[in-house]
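Here's the letter readout for the chains.
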Amino acid sequence: MKARLYEKYVTEVRGALKDKLKKKNVHEVPRIEKIVINMGVSASLEKAAVDDAAKDLTTITGQKPVVSRARKSIANFKLRQGQATGCYVTLRRDMMYEFFDRLVATALPRIRDFRGVSRRAFDGRGNYSLGIPDQTIFPEIELDKIKRQQGMDVTIVTSAKSNEDALELLKMMGMPFSEK
């Protein structure tokens, strides 16, 4: 069974975007290609910090993360080559739509004093990046088992050529943007 948000995209959003953006072909309409979730961990923390971050990311996304390692040693940062510095997950297709649905419907409204996400976080090519300060906004995380607060970066990669097209796509998909 397909994700609820994918069904919404196919039935409602794609047709409305085609008319609004004046595209001739359905394949020209922007779509979400992938979502990348990244959790960086300070090198000064103990080695179990990366394992805890990976466990939390697995719980949130339902997919095992890839552990990022340092490419070279930097003495000022107390960083050694090959030392784990974080973890990331790339979501595509159904898992991507399920995560986006949970992010928009349940996680973002749980942020204290939430008034919408910034409209200025686009990169110029239609991709949107969002910083989440705490992993506990996701209902899958049990507060009793958290050892440390860990933030994460969520990047939504779209096929849109401009920021305006990507903004319209994400708005129609339900992303709560703040007012100007």
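Coordinates for the structure precede this section.
Thresholds applied
Residues numbered from 1 in each chain as written. Predicted model: local features only at pLDDT ≥ 70, side-chain atom pairs only at ≥ 80, totals over all residues. Heavy atoms only, no water. Helix = DSSP H or I, 4+ residues; strand = E, 2+ residues; numbered from the N terminus. Buried < 20%, exposed > 50% of the residue type's maximum accessible area, 1.4 Å probe, protein only. Contact = heavy atoms within 4.5 Å. Areas by Shrake-Rupley, 256 points an atom, 1.4 Å probe, with all protein chains shown as cover. 1 Å grid on protein atoms, 1.4 Å probe; cavity = no way out; pocket = protein on both sides within 12 Å on 5 of 7 lines; lining within 4 Å. Points joined across faces, edges and corners; volume = space filled by probe spheres on them. Nonpolar A, V, L, I, M, F, W, Y, C, P; charged D, E, K, R; others polar.

Enquirer: So what exactly am I meant to see when it comes to the overall build of the protein chain here?
Expert: Looking only at helices and strands, the protein chain has four helices and five strands in total. Walking the protein chain from its N terminus toward its C terminus, one meets helices and strands in the order α-β-α-β-β-α-β-β-α. Each of the three principal axes of the protein chain carries a C-alpha extent, and together these read 55 × 35 × 35 Å. By the burial criterion, 39% of the 180 residues in the protein chain qualify as buried. Considering only residue pairs separated by 6 or more positions, the protein chain has 68% of its internal contacts joining residues 24 or more positions apart. Carbon together with sulfur atoms contributes 48% to the accessible area of the protein chain, which is approximately 11000 Å² in total.

Enquirer: Would you explain unusual backbone geometry in this entry?
Expert: Of all residues except glycine, most have a negative phi; of all peptide bonds, most are trans. Residue K22 is not a glycine yet carries a positive backbone phi of 55°. Examined against the element boundaries, K22 turns out to sit in the loop between helix 1 (4-20) and strand 1 (32-40). For R93, which is not glycine, the phi torsion reads 55° and is therefore positive. Examined against the element boundaries, R93 turns out to sit in helix 3 (residues 93-107). Residue R93 is classed as exposed on the basis of its relative accessible area of 64%.

Enquirer: Would you explain the layout of surface pockets in this entry?
Expert: The probe, sized like a water molecule, is rolled over the atoms to show the empty space still left. Size it by volume and the largest pocket reaches roughly 320 Å³. What lines the largest pocket is a set of 15 residues, and nearest its centre among them are Y6, Y9, R31, I32 and Y97. Element by element, the count of residues in the lining of the largest pocket is highest for helix 3, at four residues. Across the lining of the largest pocket, the residue classes tally to seven nonpolar, one polar and seven charged. Forming the walls of the second largest pocket are K23, H27, E28, P30, R31, T158, S159, A160, K161 and D165. Residues that form the lining of the second largest pocket fall into these classes: two nonpolar, three polar and five charged.

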